[in-house]
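Chain residues, written in single-letter form:
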Amino acid sequence: MKDFVDKVSQKISKLSDEQVEMLFASISEENETLYSIIESLNAGLFILDNDWCLKKCNKTAERIFQFNSSQIINNNEKIWDCIEDNEISSFLKKCFEEGKSNTSSQFSISYHEKILFLNIMLQPLVMNKNVEGIIVLINDVTSRQQQEILTNRMNNLSSLTNLAASVAHEIKNPLGAISIHIQLLQKAIEKARRNENILPDKKFIENYIDVVNEEINNLNTIVMDFLFAVRPVQARMELANPNEILQKTIDFFMPEFESNGISVTSKLCNDCPLILLDTKLFKEVIVNLLKNSQAAFTEQKNDKEIIVKSAIVKENFVLSVADNGCGMDEKTCQKIFEPYYTTKANGTGLGLTTVYKIIKEFNGDISVNSKPGMGTIFTITIPVPQNKLMLLSNKK
């Protein structure tokens, strides 16, 4: 159409009135078609001028950001002044200040009491071989993120059979103790009836009852732990800075570590990107790993040290928690994430199982490397969502 208009414009003085009207009708129809396409897009669209003022906006973008584009265009406002979400507004303003016109990032925003995940991509608007503004494309990737979360949950539940077998084994011992002590009570009562209803000493009966009650409590604990282990993680996923959560958690436990003679060093990466996680659950992961490292030290050891590192490696956020404690052999490392497996005298065997479940919920992975007497390193890998989406878009 553009080539046609260029050719006709060179000869417009020679066109009759009827031909000019036909040309105008054709251009209007083409313009209406393009307008309809823009308004029908599932993705939000901003067209900005070189000063980053809004010049065009489709209905999807208006719905996502809940504003009236006509009023904004008339006021000639900068795009970051029109968006209430602070992270998106700051991102756009930073891109303007740094001259970035070809980049992408992912954000989470509140929308009618729900969380939306948005991938925002910027690219230059080129007209007549000159950059005349910026195109901002806003893709709602919420359904994709939710599908990934659902897939992870289904994978976690696939290990339910092995977990149920472990629970059955755990339950057998308390049930056996209860059965034996109830039989002893029955025999005592039967003997009393034969002996003119003279019961044994009160203490004699209470000892049996105390054991029964204790084992019932043990059964209740096992069942509650089982329910926790099989119940899907209720994660409220949003984009957050993992380094900030890491540092706050380390600072919180620092007095306890210092009182136990443990040195903690954090080496966190600069300019850490936002990653998709649940802040509360991520903190639980860090606490579990730090407590696990703390438990690996013997009282006799002098140079107790924990090192926490973070880095961005191949489009992933990588976190490692290392200690120079007692370490583990290869067999223990292979079972460390299994439910009810523990090397601690008073451990439940569910702490690292919980860590594993949470990291899988974040679409990440966790591994352990350890040697007896040398220490242990737990390594967590979580994908950086905006980088992953940029790679996908570049492949298309």
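Quick summary incoming for the structure in this document. Predicted model, so just to flag it, every value in this text is computed and none were measured.

### A closer look at the state of the cysteines
- Under the criterion given, the structure shown has zero disulfides.
- The thiol of Cys57 is not disulfide-bonded; the next cysteine sulfur, from Cys82, is found 9.3 Å away.

### Considering unusual backbone geometry
- In this structure, Asn128 is a non-glycine residue whose phi angle is positive, near 55°.
- Here Asn128 lies in the loop between strand E4 (114-127) and strand E5 (130-140).
- According to the relative accessible area criterion, Asn128 is exposed, its value standing at 65%.
- One non-glycine residue, Asn363, lies in positive phi territory at about 65°.
- Among the secondary structure elements, Asn363 is positioned in the loop between helix H12 (351-361) and strand E11 (365-371).

### Quick notes on the pattern of salt bridges
- Taken as a whole and assessed by the stated rule, the structure comprises five salt bridges.
- A salt bridge links Asp49 to Lys55, with the nearest nitrogen and oxygen atoms 3.9 Å apart.
- Given the relative accessible area of 16%, Asp49 is considered buried.
- Residue Lys55 is classed as partly exposed on the basis of its relative accessible area of 40%.
- Here Lys100 makes a salt bridge to Glu98, at a shortest N to O gap of 3.3 Å.
- Classification of Lys100 as partly exposed rests on a relative accessible area of 39%.

### Comments concerning the pairing of E5
- Here five bridges tie strand E1 (residues 44-48) to E5, and the two strands are oriented antiparallel to one another. Directly across from Ile47, in E5, lies its bridge partner Ile135.
- Relative to E5, E4 runs antiparallel, the two sharing 10 bridges. Looking at the pairing, Gln123 lines up with Ile135 of E5.

### Digging into the sheet that holds strand E9 (residues 304-313)
- Spatial ordering of the open sheet is given by E7-E9-E10-E12-E11, a layout of five strands whose pairing is mixed. Both outer strands of the open sheet, strand E7 (262-267) and E11, are each paired with one neighbouring strand and no more. Neighbour-to-neighbour, the strand axes of this sheet turn through a mean angle of 15°, independent of strand direction.
- Pairing of strand E10 (residues 316-323) with strand E12 (residues 375-383), which is carried by eight bridges, proceeds in the antiparallel orientation.

### Looking at the packing of aromatic side chains
- Tallying each qualifying case throughout the model produces 10 aromatic pairs.
- When the centroid spacing of 6.2 Å and the interplanar angle of 40° are considered together, the rings of Phe253 and Phe257 count as tilted. On the criterion of helical spacing, the pair formed by Phe253 and Phe257 is a turn pair, its members being four residues apart in helix H9 (residues 242-259). Comparing Phe253 with Phe257 shows no difference in burial state: the two are buried.
- A connected cluster of aromatic rings, assembled from ring pairs, spans Phe46, Phe65 and Phe67.
- The ring of Phe252 has Lys283 lying over it, and the distance from NZ or CZ to the ring centre is 5.8 Å.

### Comments concerning the sheet that holds strand E2 (residues 54-57)
- In spatial order, the strands read E2-E1-E5-E4-E3; together these five strands make up an open sheet with antiparallel pairing. In this open sheet, the two edge strands, each paired with only one partner strand, are E2 and strand E3 (103-111). Pairwise comparison of adjacent strand axes, ignoring direction, gives a mean angle of 25° for this sheet.
- On the sheet, helix H5 (residues 86-98) packs against E3 and E4 and is oriented at approximately 155° with respect to E3.

### Side note on the packing of helix H10 (residues 279-295) against H12
- Put simply, H10 and H12 touch, their axes get as near as 9 Å, and they point 145° apart. As for how H10 packs across H12, the hand of that crossing is left-handed. Between H10, through Leu281, Glu284, Val285, Asn288, Leu289 and Asn292, and H12, the contact on the second element is made entirely by Gly351, Leu352, Thr354, Val355, Ile358 and Ile359.
- Of the residues belonging to the contact of H10 with H12, the class tally is seven nonpolar, four polar and one charged.

### As for a nonpolar patch on the surface
- On the surface, Leu34, Ile37 and Leu41 cluster together into a nonpolar patch covering about 250 Å² of accessible area.
- Looking at the element boundaries, Leu41 is found in the loop between helix H2 (17-40) and E1.
- A residue is classified by how much of its surface remains accessible, and Leu41, at 33% relative accessible area, is partly exposed.

### Re the environment of Ile275
- Mapped onto the elements, Ile275 comes out in strand E8 (residues 275-277).
- By relative accessible area, Ile275 is classed as buried at 0%.
- In sequence terms Ile275 and Phe362 are 87 residues apart; their C-alpha atoms lie 9.1 Å from each other.
- Sequence-distant contacts of Ile275, that is, excluding residues within four places in its chain, are made with Glu238, Leu239, Ala240, Pro242, Phe317, Ile382, Pro383, Val384 and Pro385.

Thresholds, definitions, all that
Residues numbered from 1 in each chain as written. Predicted model: local features only at pLDDT ≥ 70, side-chain atom pairs only at ≥ 80, totals over all residues. Heavy atoms only, no water. Disulfide = S-S within 2.5 Å. Helix = DSSP H or I, 4+ residues; strand = E, 2+ residues; numbered from the N terminus. Buried < 20%, exposed > 50% of the residue type's maximum accessible area, 1.4 Å probe, protein only. Salt bridge = Lys/Arg side-chain N within 4 Å of Asp/Glu carboxyl O. Pairing = 2+ DSSP bridges. Axes fitted to C-alpha atoms, helices over the stretch in contact; angles between N-to-C directions. Phe/Tyr/Trp six-rings, centres within 6.5 Å; stacked < 30°, edge-to-face > 60°. Lys NZ or Arg CZ within 6 Å of the ring centre and 35° of its normal. Contact = heavy atoms within 4.5 Å. Left-handed = near helix turned anticlockwise from the far one by under 90°. Nonpolar A, V, L, I, M, F, W, Y, C, P; charged D, E, K, R; others polar. Patch = residues over 30% accessible without salt bridge, like charges linked within 9 Å, V, L, I, M, F, W, Y side chains within 5 Å. Areas by Shrake-Rupley, 256 points an atom, 1.4 Å probe, with all protein chains shown as cover.

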